[in-house]
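# Analysis of the macromolecular model
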Protein chains: 2
Amino acid sequence: MAGHVTYREVKATILDRIKGGAWPPGALLPSEVELAAEFGTARATVSRAMRDLVEDGLVERKRKAGTRVRKMPLRQARLDIPLVRVEVEDQGAVYRYALVASHVGAAPDWLRARMGLPGGGEVRHILCMHFADGQPYQFEDRWISLDSAPDARAADFTAEGPNEWLVRQVPYSNVEISFSATAADAEQAQHLGCALGDALFRVERQTSWDGRELTFVRLTYHRGYRMTARY
Amino acid sequence: MAGHVTYREVKATILDRIKGGAWPPGALLPSEVELAAEFGTARATVSRAMRDLVEDGLVERKRKAGTRVRKMPLRQARLDIPLVRVEVEDQGAVYRYALVASHVGAAPDWLRARMGLPGGGEVRHILCMHFADGQPYQFEDRWISLDSAPDARAADFTAEGPNEWLVRQVPYSNVEISFSATAADAEQAQHLGCALGDALFRVERQTSWDGRELTFVRLTYHRGYRMTARY
DNA sequence: TAGTGGTCTAGACCACATT
DNA sequence: ATGTGGTCTAGACCACTAA
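Residues numbered from 1 in each chain as written. Chains lettered and ligands numbered in written order. Predicted model: local features only at pLDDT ≥ 70, side-chain atom pairs only at ≥ 80, totals over all residues. Heavy atoms only, no water.

## Focus: the sheet that holds strand β9 (residues 212–221) of chain B
With antiparallel pairing, seven strands are arranged side by side in an open sheet as β10(A)-β7(B)-β8(B)-β9(B)-β6(B)-β5(B)-β4(B). Whereas interior strands pair on both sides, the edge strands pair on one side only; in this sheet they are β10 (227–230) of chain A together with β4 (95–106) of chain B. Along the sheet, successive strands turn relative to each other by an average axial angle of 15°, direction set aside. Two elements, β10 of chain A and strand β7 (residues 174–183) of chain B, share four bridges in a ladder whose sense is antiparallel. Counterpart to Met-227 of chain A in the pairing with β7 of chain B is Phe-179 of chain B. Sheet strands in contact with helix α6 (residues 162–169) of chain B are β4, β5 (122–132), β6 (135–145), β8 (199–209) and β9 of chain B, and its direction is about 45° off that of β6 of chain B. (Pairing = 2+ DSSP bridges. Helix = DSSP H or I, 4+ residues; strand = E, 2+ residues; numbered from the N terminus. Axes fitted to C-alpha atoms, helices over the stretch in contact; angles between N-to-C directions. Contact = heavy atoms within 4.5 Å.)

The structure is reproduced here in structure tokens:
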């Protein structure tokens with residue numbers, strides 16, 4: 001007796017039919033029972049293949065209505081958000097971290113508004129640099145709420161960046177991330193070794209945990225930085 | 001008899017234990033058989049929950065070695081890549097498209113190198129604009145290989161952008177996408193209504209199908225544009 | 001070699017949305 | 001009312017890999 005038909009094979013076959021035009025955009029696919037009979041598998045196997053296709057954004061399923069090929073295939077890129085250190089080391093470069101400045105004080109108004117902090121809250125403000133093979137890679141401008149993370153007051157960020165420290169303290173948090181372009185100000189230009197006004201790639205990230213706002217960070221990358229993905 | 005324990009409940013319970021610190025980063029979880037016994041479910045149900053947790057980047061599994069909580073939870077953002085028109089309309093704004101220029105000619109050297117086109121290939125070059133409520137939203141600078149997509153030679157891009165046309169012609173393609181910052185050149189500044197040298201957010205996308213390079217596009221967004229995601 | 005996850009089966013019941 | 005997908009079960013065999 002030959003081996004079973006795998007869900008991967010089923011998926012591949014269906015994929016070929018969709019990409020080949022046998023089932024064009026908008027078309028209704030046969031039901032799981034029919035496909036299972038055609039492929040000679042259990043219905044669960046077809047179901048497993050279909051779940052993958054839904055996740056890949058190629059197909060839409062509704063009870064009773066059946067499975068249809070998406071008219072516009074849903075395109076989504078998965079973007080890995082690694083630690084800077086890992087990102088640099090993955091490029092085969094030597095990573096170096098340096099603390100620029102750090103101090104504790106009252107949260108400025110714009111930050112309280114942005115993070116939704118209550119009045120009178122204290123924050124720790126940290127500026128630091130990440131280098132790749134000695135070249136400026138990323139300038140980090142971070143604010144940590146001391147109400148939410150009191151341990152950050154005394155933490156030592158001279159040898160290790162605040163990001164790695166935070167990930168260890170609070171491994172599971174909710175993040176809102178945004179990407180934009182910004183013109184280098186004097187401080188950024190100095191640290192990143194570029195001209196005033198140069199166009200720089202910027203990431204802003206706000207992290208919360210258990211409904212409490214933890215930290216807001218603005219990461220500015222060296223001139224010419226690109227973030228790349230495939231899908 | 002009460003209903004079955006669902007895989008969602010199993011997943012939620014495991015998630016709570018991980019986030020609550022009962023199973024700290026690096027810890028070895030009980031085997032599927034043990035968990036199934038504890039929860040009173042079939043092993044397949046635990047397996048289903050675990051597969052979700054792997055996908056969420058919280059857990060790593062290896063045969064024989066078992067399931068471990070990831071030391072550094074894998075963070076990845078899912079970025080939807082919609083059509084500009086849809087992106088604009090989802091913001092409740094009125095979308096307008098305008099063709100700026102279009103012509104057919106030999107592919108310039110930099111483009112042939114970038115796309116990996118053979119020598120002597122012809123391309124169609126299209127410049128166009130996308131507006132939201134009358135305001136400049138995105139400037140599109142696109143090259144389409146006429147070797148790979150001969151129908152693009154005669155296609156009419158006065159009423160509809162080349163992106164929507166391409167998605168209809170070739171719904172299933174492979175894409176490499178990159179994000180960066182750029183300083184506005186004269187043409188971009190004029191079309192986007194900003195100053196020369198302004199920092200602009202830029203997306204570059206290269207699309208292939210069946211191993212053939214189809215199109216390369218450079219999308220430059222209006223000043224202040226942000227791309228946002230949560231994870 | 002033994003223990004773990006990965007997958008398939010055959011059957012069942014349920015939830016949901018269309019009719 | 002009915003047909004579809006969504007899920008669970010109990011059991012089985014397999015693939016991988018750590019010990």
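## Regarding the nonpolar core
Ranked by size, the top nonpolar core spans 72 residues in total, and within it Ile-177, Phe-179 and Phe-201 of chain A together with Leu-79, Ile-177, Phe-179 and Phe-201 of chain B carry the most contacts. Sequence-distant contacts of Phe-201 of chain B, defined by excluding residues within four places in its chain, comprise Phe-179, Ser-180, Ala-181 and Phe-201 of chain A together with Phe-179, Ser-180, Leu-219, Thr-220, Tyr-221, Tyr-225 and Met-227 of chain B. (Core = buried A, V, L, I, M, F, W, Y, C linked by side-chain atoms within 4.5 Å. Buried < 20%, exposed > 50% of the residue type's maximum accessible area, 1.4 Å probe, protein only.)

## Here we look at the UniProt feature "domain: HTH gntR-type" (unreviewed entry) in chain A
UniProt's entry tags residues 4–72 of chain A with the feature "domain: HTH gntR-type" (unreviewed entry), counted in the numbering of this structure. Across residues 4–72 of chain A, helical content stands at 51% and strand content at 12%; the span's end C-alpha atoms are separated by 33 Å. (UniProt positions renumbered as here; feature names shortened; annotations may be inferred.)

## Some remarks on the pairing of strand β7 (residues 174–183) of chain A
All names here are of chain A. Burial analysis of β7 places seven of its 10 residues in the buried class, the great majority of the element. Here β7 pairs with strand β8 (residues 199–209) via 10 bridges, running antiparallel. Across the sheet, residue Ile-177 finds its bridge partner in β8, namely Arg-205.

## Brief notes about the packing of helix α1 (residues 7–19) of chain B against helix α2 (residues 32–39) of chain B
Residue and element names in this part refer to chain B. Running from amino to carboxyl end, α1 crosses α2 at an angle of 110°, the nearest separation of the two axes being 12 Å. One element, α1, and the other, α2, form an angle in the roughly perpendicular class. Contact residues: α1 offers Val-10, Thr-13, Ile-14 and Arg-17, while α2 offers Leu-35, Glu-38 and Phe-39. (Parallel < 35°, antiparallel > 145°, perpendicular 65-115°, else oblique.)

## Some words on the side chain of Thr-41 of chain A
Summarising the element assignment, Thr-41 of chain A is placed in the loop between α2 (32–39) and α3 (43–55). The residues contacting Thr-41 of chain A, other than those within four sequence positions of it, are Val-5, Val-10, Ala-36 and Val-46 of chain A.

## Here's the deal with the protein's contact with DNA strand D
Of all residues adjacent to DNA strand D, which total 26 residues, the nearest are Arg-43 of chain A together with Thr-6, Tyr-7, Ala-42 and Thr-45 of chain B. Put simply, 68% of the atoms of DNA strand D that lie within 4 Å of the protein are in sugar or phosphate. A distance of 2.7 Å separates a phosphate oxygen of DNA strand D from a polar atom in the backbone of Ala-42 of chain B. A distance of 3.0 Å is found between a base nitrogen of DNA strand D and a side-chain nitrogen or oxygen belonging to Arg-43 of chain B. Secondary structure elements with two or more residues in the surface near DNA strand D: α3, β1 (59–62) and β2 (66–69) of chain A together with α1 and α3 (43–55) of chain B. (Near = heavy atom within 4 Å. Polar contact = N/O pair within 3.5 Å; in protein donor to acceptor, adjacent residues only side chain to side chain.)

## Let's talk about the relation of the copies chain A and chain B
For these two chains of identical sequence, chain A goes onto chain B by a turn of 180° and a shift of 0.0 Å along the axis, with RMSD 0.2 Å. Accordingly, the operation relating the two chain copies is best matched by a two-fold axis. Here 100% of the interface residues in chain A have copies in chain B that are interface residues too; the copies meet face to matching face. (Least-squares fit on C-alpha atoms with pLDDT ≥ 70 in both.)

## A word on the protein's contact with DNA strand C
Taken together, 24 residues lie near DNA strand C, and Thr-6, Tyr-7, Ala-42 and Thr-45 of chain A together with Arg-43 of chain B sit nearest. For DNA strand C, the backbone makes up 65% of the atoms found within 4 Å of the protein, where backbone means sugar plus phosphate. Here a phosphate oxygen of DNA strand C sits 3.0 Å away from a polar atom, N or O, in the side chain of Arg-8 of chain A. Taking Arg-43 of chain B, its side chain carries an N or O atom lying 2.4 Å from a base oxygen of DNA strand C.

## Some remarks on α6 of chain B
Of the residues making up α6 of chain B, those classed as buried are Pro-162, Asn-163, Glu-164, Trp-165 and Leu-166 of chain B. Buried residues belonging to α6 of chain B abut α4 (84–90), β4, β5, β6, β8 and β9 of chain B.

## Observations regarding the environment of Gln-188 of chain B
Residue and element names in this part refer to chain B. Following the sequence through the fold, Gln-188 ends up in helix α7 (residues 186–192). With a relative accessible area of 8%, Gln-188 lands in the buried category. Between the C-alpha atom of Gln-188 and that of Asn-174, which follows or precedes it by 14 residues, the distance is 28 Å. Apart from the residues within four sequence positions on either side, Gln-188 is in contact with Phe-139, Ala-183, Gly-193, Leu-200 and Thr-220.

## Here we look at the interface of chain A and chain B
Between chain A and chain B, the contact holds 48 residues from the first and 48 residues from the second. Applying the counting criterion to the chain A and chain B interface returns four salt bridges. For the pair chain A and chain B, the interface holds 18 residue pairs in polar contact (both at pLDDT 80 or more). Among the elements of the structure, α1 (7–20), α3, β3 (76–80), β7, β8 and β10 of chain A are those that each provide at least two residues to the side of chain A that touches chain B. (Salt bridge = Lys/Arg side-chain N within 4 Å of Asp/Glu carboxyl O.)

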